Amino acid sequence: MGKEKLVVEVVAARNLMPKDGQGSSSPYVEVEFEHQRRRTRPKHKNLNPVWNEHLLFDVSDPDDLPYRAIDVSVYNDRGAEGRGVGGRNFLGKVRIPAAGVPAPGEEALPQLFPLERRSLFSHIRGEISLKIYRTAIDSERALTKADGGGGNKQQHAVAPPTTKQIPSAVVTPPPPGKQTPLPARQQDPAPTDVKSVVLAAPEEAYPMPASFGCGRGGRTQDFTLKETRPLLGGDGADRDKASSTYDLVEHMQYLYVRVVRARDLQTGGCEAHAEVKLGNYRGVTRSSTTAGAPLWHWDQVFAFSKDSIHSSVVEVIVRDGGGPTTKDDFIGRLSFDLGELPRRVPPDSTLAPQWYRMEGKAGERAKGELMVSVWFGTQADEAFAEAWHSLAAGVHGDGLGSIKSKVYVAPKLWYLRVSVVEAQDLVVPCTVPGRFPEIFAKGQVGRQVVRTRFAALLPNRAPSNPTWNEDLMFVVAEPFDDLVLVSVEDRVSPGRDEVLGRVAVPLSAIERRLDDKPVASRWIALDRGQGSSRFGSRVHLRLSLDGGYHVLDEAAAHSSDLRPTARQLWIPRVGILELGILGASGLALSKASGTADAFCVAKYGPKWVRTRTVVDSVCPQWNEQYTWEVFDPCTTITIGVFDNGRLGCGTPRVDARIGKVRIRLSTLETDRVYTHAHPLLVLHLSGVRKAGELHLAVRFSCADAASMLHAYARPLLPKMHYVDPLLVGQVERLRFQAVETVAARLGRAEPPLGREVVEYMLDHGSHLWSMRRSKANFFRLVSVLSGLVAVGRSIELLRSWRRPVHSVIFIIAYLLFILLPELILPTSFLTMAVIGLWRYRLRPRHPPHIDTRLSYADAAYVDELDEEFDTFPTSRGPEVVRMRYDRLRSVGGRVQTVVGDMATQGERVQALLSWRDPRATFLFLMFCLMAAVLFYAVPMKVLAGAWGLYVLRPPSFRNRLPSPLMSFFRRLPTKADSLL
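First, a word on what this report is: a plain description of the structure on this page. Model, not experiment: these values are computed from the prediction.

## Quick word on the overall build of the protein
- The helix and strand tally for the protein stands at 14 helices and 39 strands.
- Buried residues in the protein amount to 45% of all 980 residues.
- Look at the contacts in the protein between residues 6 or more apart in sequence, and 70% of them connect residues 24 or more apart.
- Of the roughly 51600 Å² that the protein leaves accessible, carbon and sulfur atoms contribute 57%.

## A closer look at the packing of aromatic side chains
- As enumerated under the stated definition, the model contains 18 aromatic pairs in all.
- Their ring planes at 15° and their centres at 5.4 Å tell us that phenylalanine 779 and tyrosine 856 sit as a pair that is stacked. Linking phenylalanine 779 in helix α7 (residues 771–800) with tyrosine 856 in the loop between α9 (824–839) and α10 (862–868), this pair joins segments that are 77 residues apart in sequence.
- Here a set of aromatic residues connected by ring pairs shows up, and it is made of Tyr254, Tyr256, Trp375 and Phe384.

## Remarks on the pairing of strand β5 (residues 69–77)
- Of all nine residues making up β5, seven are buried, and the element is well covered by its neighbours.
- Where β5 meets strand β6 (residues 88–97), nine bridges bridge the pair, whose relative direction is antiparallel. Note on β6: the bridge partner recorded for valine 72 is valine 94.

## A word on the pattern of salt bridges
- Taken as a whole, this structure holds 60 salt bridges when the rule is applied.
- A salt bridge links glutamate 470 to arginine 453; its shortest N-O distance comes to 2.8 Å. Here glutamate 470, found in strand β26 (residues 467–477), pairs with arginine 453, found in the loop between β25 (448–451) and β26; they are 17 residues apart in sequence, far enough to count as distant.
- Among the residues examined, arginine 453 registers a relative accessible area of 43% and is labelled partly exposed.
- Via salt bridges that share partners, Asp863, Asp866, Glu867, Asp870, Arg876, Arg884 and Arg887 belong to a single interconnected network.

## Some words on helix α12 (residues 918–937)
- With 20 residues, α12 extends 29 Å from end C-alpha to end C-alpha; this agrees with the ideal 28 Å at 1.5 Å per step.
- Among the residues of α12, Ala920, Thr921, Phe924 and Ala931 are the ones counted as buried. End-on view of α12: buried residues confined to an arc of 90°, all on one side of the axis. Facing away from the buried side of α12 by over 90 degrees, the exposed positions are Arg919, Leu923, Leu929, Met930, Val933, Tyr936 and Ala937.

## Points about the packing of helix α8 (residues 804–819) against helix α13 (residues 940–951)
- Contact pair α8 / α13: the axes reach a minimum separation of 9 Å and the direction vectors enclose 165°. On the basis of the axis angle, α8 is roughly antiparallel to α13. The element α8 and its partner α13 pack so that their crossing is right-handed. Here α8 contributes Ile811, Tyr814, Leu815, Ile818 and Leu819 to the contact with α13, which in turn contributes Lys941, Ala944, Gly945, Trp947, Gly948 and Leu949.
- Tallied by class, residues from the contact of α8 with α13 come to eight nonpolar, two polar and one charged.

## Quick notes on unusual backbone geometry
- Geometrically, the link from glutamate 478 to proline 479 is a cis peptide bond, its omega value of -5° lying close to zero.
- One can find proline 479 in the loop between β26 and β27 (483–493).
- Here the residue pair glutamate 750 and proline 751 is connected by a cis peptide bond, since its omega of 0° sits within 30 degrees of zero.
- Topologically, proline 751 is positioned in the loop between α5 (728–746) and α6 (755–761).
- The backbone of glutamate 34 shows a phi angle near 50°, a positive value even though the residue is not glycine.
- Along the polypeptide, glutamate 34 turns up in the loop between β2 (27–33) and β3 (36–39).
- Of note in the backbone geometry, aspartate 264 takes a positive phi value of approximately 60° without being a glycine.
- Along the chain, aspartate 264 falls in the loop between β12 (254–263) and β13 (271–278).

## So, the nonpolar core
- Core analysis: the largest hydrophobic core is formed by 33 residues, its most contacted members being Leu579, Trp622, Trp628, Ile637, Val641 and Leu694.
- The set of elements that each furnish at least two residues to this core consists of β32 (575–585), β33 (598–604), β35 (621–630), β36 (636–643), β37 (656–664), β38 (673–684) and β39 (687–702).
- Here this core takes five residues from β39, the largest share from any one element.
- When sequence neighbours within four positions are dropped, the list of residues in contact with leucine 579 reads Leu248, Ala602, Glu624, Gln625, Tyr626, Trp628, Ile637, Ile639, Leu696, Ala697 and Val698.

## Re the sheet that holds β25
- Within the open sheet, the four strands sit side by side as β25-β24-β27-β28. Their pairing is antiparallel. Each edge of the sheet is formed by a strand with only one pairing partner; in this case those strands are β25 and β28 (496–506). If you compare each strand with its neighbour and ignore which way they point, the axes differ by 20° on average.
- With 10 bridges joining them, β27 and β28 adopt antiparallel strand pairing. Counted as the bridge partner of leucine 483 is proline 506 from β28.

## Quick look at the environment of serine 390
- Examined against the element boundaries, serine 390 turns out to sit in the loop between β21 (388–389) and β22 (406–409).
- Using a relative accessible area of 3% as the deciding quantity, one classes serine 390 as buried.
- The spacing of serine 390 and tyrosine 254 is 136 residues in sequence and 9.9 Å in space, taken between C-alpha atoms.
- In contact with serine 390, other than residues within four places in its own chain, are Tyr281, Ala303, Phe304, Ser305 and Ser308.
- Within polar-contact distance, the side chain of serine 390 engages the backbone nitrogen of serine 305 at 3.4 Å.
- Within polar-contact distance, the side chain of serine 390 engages the side chain of serine 308 at 3.1 Å.

## Observations concerning the sheet that holds β38
- With antiparallel pairing, five strands are arranged side by side in an open sheet as β11-β38-β39-β32-β35. In the strand order of this sheet, the two ends are held by β11 (226–227) and β35, each with one partner.
- Bridging between β32 and β39 involves 10 bridges; their strand directions are antiparallel. When the sheet's bridge partners are listed, isoleucine 581 is paired in β39 with leucine 696.

## Points about the pairing of strand β23 (residues 413–424)
- By the criterion of burial, β23 is predominantly enclosed, with 11 of the 12 residues buried.
- As defined by bridge partners, β23 adjoins β26 across nine bridges and the pair is classed as antiparallel. Bridge pairing in β26 places valine 418 opposite leucine 472.

## Observations concerning the environment of glycine 339
- Counting through the fold element by element, glycine 339 comes out in the loop between β18 (330–337) and β19 (354–359).
- Residue class for glycine 339 comes out exposed when judged on its relative accessible area of 65%.
- Sequence spacing of glycine 339 and valine 313 is 26 residues, and the spatial spacing of their C-alpha atoms is 8.6 Å.

## As for the side chain of aspartate 655
- Along the chain, the position of aspartate 655 falls in the loop between β36 and β37.
- Apart from the residues lying within four places of it in its own chain, the contact partners of aspartate 655 are Phe599, Phe642, Asp643, Asn644, Gly645, Arg646, Glu756 and Val757.

So, how was this worked out
Residues numbered from 1 in each chain as written. Predicted model: local features only at pLDDT ≥ 70, side-chain atom pairs only at ≥ 80, totals over all residues. Heavy atoms only, no water. Helix = DSSP H or I, 4+ residues; strand = E, 2+ residues; numbered from the N terminus. Buried < 20%, exposed > 50% of the residue type's maximum accessible area, 1.4 Å probe, protein only. Contact = heavy atoms within 4.5 Å. Areas by Shrake-Rupley, 256 points an atom, 1.4 Å probe, with all protein chains shown as cover. Phe/Tyr/Trp six-rings, centres within 6.5 Å; stacked < 30°, edge-to-face > 60°. Pairing = 2+ DSSP bridges. Salt bridge = Lys/Arg side-chain N within 4 Å of Asp/Glu carboxyl O. Expected span 1.5 Å × (residues − 1). Arc of directions from axis to C-beta. Axes fitted to C-alpha atoms, helices over the stretch in contact; angles between N-to-C directions. Parallel < 35°, antiparallel > 145°, perpendicular 65-115°, else oblique. Left-handed = near helix turned anticlockwise from the far one by under 90°. Nonpolar A, V, L, I, M, F, W, Y, C, P; charged D, E, K, R; others polar. Core = buried A, V, L, I, M, F, W, Y, C linked by side-chain atoms within 4.5 Å. Polar contact = N/O pair within 3.5 Å; in protein donor to acceptor, adjacent residues only side chain to side chain.

Okay, here's the thing in structure tokens:
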């Protein structure tokens, strides 16, 4: 045995290929080093397994390590599937040189390795995280003895070498031409041209590749989507009755007490209130005052959850007055035995309340009667939404209104188009002799202000008759109770505008249009605000409410509604979306009390829903079900979780966001119920963190399959977006105004939906600059182009003749297609169809969820995250802003170079016929003439075949120097010589 041990710590893997025929795998890792083979335990049906196992290998000679390699293979254990079938399936491999393994006592960090194929036709994907280091044999013996001296020979508990703390420090921008390295936890999969200035984070933020996450105390966070199996639709008789309308949630049992009214009470005044008491829980109605007749009216419902029932009797007590409870205000009471109460499940009719004679403290008959109804039910009961809940007994005052579940309908948004054509007979004051008037028009609706450019004064027109012909676009909402103000102003001096006249038009008086036909324009007299004037100044306007557009209030990538504003243009629905919000687990704590008052908000189309608030719980259970009509399957529903900040007294705080989930409907199979625990991932300054899990049940039902399939052939947006398109800048500005309008309207509802909730659900700040998003989009583009790169590498491999059999087969196939070109398209489409059918068994079985690696959240630097969370305009100090500006300049320099290179290649193509280089153009013309003769005389099949054979000739017949054509192209002139 040598003096050292090689330790391979198998941390985790992610995004493995399913191989068991059921959309999953039972992976294990096998490591081989110097003819020693060790393996981990298999993880049953887990495509994102976490092992954290240490495999030890003997090192015969440390000096030979530079000439050794570590082979890591991942397999699917077919015997772990429980079907009596042995064997294994290959999931990927990694070959790691042992030359760079840290010596004993040196720092070791986990590294992420992409899994490689075993052959050209292997279906492999995913990555594996490994931590490899060497340790002394004495340390291994001491640790094994302390661990009990036992265990599997293939698995040893060996403490990894300690990693040193990385202090936080600002790193200055790198000099030009020098690349800033990425953190050791993950290297870029390919070299990039993006430079970045980083703020190094403490080691706690980088204990392992953040693709697998790490929580407090170094515990691994699971960012994966988990399938759950809740008991949906209740059980027994409840399931039979309510399964058709409330079958995507678990039924929760409640005791309902409805206190309607009282009469003939013996009170000392005009006020009285009722009190419902069940064990230690007590609910109190509002105070009621008689209006002449001896009748007190409340009509309030109290709901006690099954978990809070610790008594066999529920009491309803009526007390005198509306103030604090005292021992002398007792009027009478009613008692109900819980074992004798009826049970109601919708669609049963509502239980009718009855009059009951009250009794005194000693059980004697008291004066007065009380109308109540008491029953057992579920959350499907109509009284559930408006009921007082026992779990919210600690909430009082205005906070009671903010804990109830509600359904909101967003206002109907329209685009208002104000076309400012021209103005006539303006009175332009001559404040400065010789000054040229700078006249513009300005439109205003509420807080929206848009202005035209300065008027183009034609030579044959006086300055008092300016012309614009410009459209001003606004977002307005029904009902139209506002005005549009149009003013004509003159820029007298910088920062000073003088109004030449204004006009106000009610929105309700503006014509609505559904297509691109222009409405009639009209001249409107301008009001100068100075009484009557002999000059009749007027402005030429064309006003219309455009109902043919869809007013975007969400990001286009995950919009939930694409219909036009006008209802006359709507198409029939294609399906129904049903959502069951079951509950959440492990929510992040945002209050100092160590608890959370969580509620959910779901948004699809104009319909917003809000669940009730579960007070003082990090694992709330809502079990509420909602339904939406679906008009386009390629839309997204958004569900967010928030911590209610409006329960306390005084100034209400904002609702803290915990996380959100998006589900794209087109990724769901029809009529299938998806029950999953979705991870709630939130980006903080310290990196991505898991704020809990949201348990949902989703079903997308389709009534007409033909209409569903036809929807894929329709344009994504309404017709007006293509006939009369809006500019990109206009769309972004109008989306901002739409979000402001929706937030203002929903903030006036009861209970209000806070602005912070609406903006978070609608991704209000998604358009702002983010270095992390830029890198994520860059690598998305790299991933899209990786297929073409892989094809190019395969062709290059065939040209290298390393596998002569494959090269010969490819040449034969190429010549066959040259001789029979009519087979090219049929073969291509047939190949794609076969590949699609083959991949059907490997299709995704679960909805997509947020991918931290795709979002580049696991490799973002602290300063990049701080910049992303910064306000606009910035609130950081000048030194930080200067550093970020220099970083942006370095990134811009790289982009500038790439754009310049692309322009250079295009200019070389233009230079072929420009005679800028007369000798090069002469050579190109001679080549074109000879090529014309050649292509006319020789059949195309012969030329294509000869060209293919020439390109695919063996390397021994090729020259490593560039071809003459490429050398000629690179010598062509460009306009780069004319740049400063």
